[in-house]
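# Structure at a glance
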Amino acid sequence: MEDVVGRWWNGIWGRLGRRDVWLIREVRWKITARAGDGESGRVLRFEFDDEDEALAMVKRLLRADSGGQWRQQSSDRQPPQT
């Protein structure tokens, strides 16, 4: 069973500029980062043993220059401080 702990979107629509990041907890912490849309975008996946390591990677991904402004989606968590 997976638990989506946090989700972020850079606020840009369209397959070239859109960026999404999910923080997912299963037995391990998983991160899925996508550049572009769901059909033709490039996907990166990471797995970590603990939440602190996973959040450190989320912070790194959110700091990458992708344009737009990151927005957290559907969670009570706030975006990690970059």
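Before any of the text, the structure's been laid out above.
Not measured: the values here are computed from a predicted model.

So, on to the environment of Asp 52. Of note, Asp 52 is situated in helix H1 (residues 51-63). Distance from Asp 52 to Trp 29, taken between C-alpha atoms, is 9.5 Å for residues 23 residues apart in sequence.

With respect to the helices and strands, Leu 16 occurs in the loop between strand S1 (3-9) and strand S2 (19-25). Between the C-alpha atom of Leu 16 and that of Ala 35, which follows or precedes it by 19 residues, the distance is 7.4 Å.

Its location among the elements puts Thr 32 in strand S3 (residues 29-35). Excluding residues within four positions of it along the chain, Thr 32 makes contact with Asp 20, Val 21, Trp 22, Ile 24, Val 43, Leu 44 and Arg 45.

This part takes up the sheet that holds S3. Taken together, 5 strands build an open sheet; the order of strands is S4-S3-S2-S1-S5 and the sheet is antiparallel. The open sheet has two edge strands with one neighbour each: strand S4 (42-48) and strand S5 (71-73). Geometrically, the sheet is characterised by an average inter-axis angle of 20° between neighbouring strands, direction not taken into account. Alignment of S2 against S3, held across 7 bridges, turns out to be antiparallel. Across the sheet, Leu 23 pairs through a bridge with Ile 31, a residue of S3. Sheet strands touched by H1: S1, S2, S3 and S4. Its angle to S3, the strand with the most contacts, is close to 10°.

So, how was this worked out
- Residues numbered from 1 in each chain as written.
- Predicted model: local features only at pLDDT ≥ 70, side-chain atom pairs only at ≥ 80, totals over all residues.
- Heavy atoms only, no water.
- Helix = DSSP H or I, 4+ residues; strand = E, 2+ residues; numbered from the N terminus.
- Contact = heavy atoms within 4.5 Å.
- Pairing = 2+ DSSP bridges.
- Axes fitted to C-alpha atoms, helices over the stretch in contact; angles between N-to-C directions.

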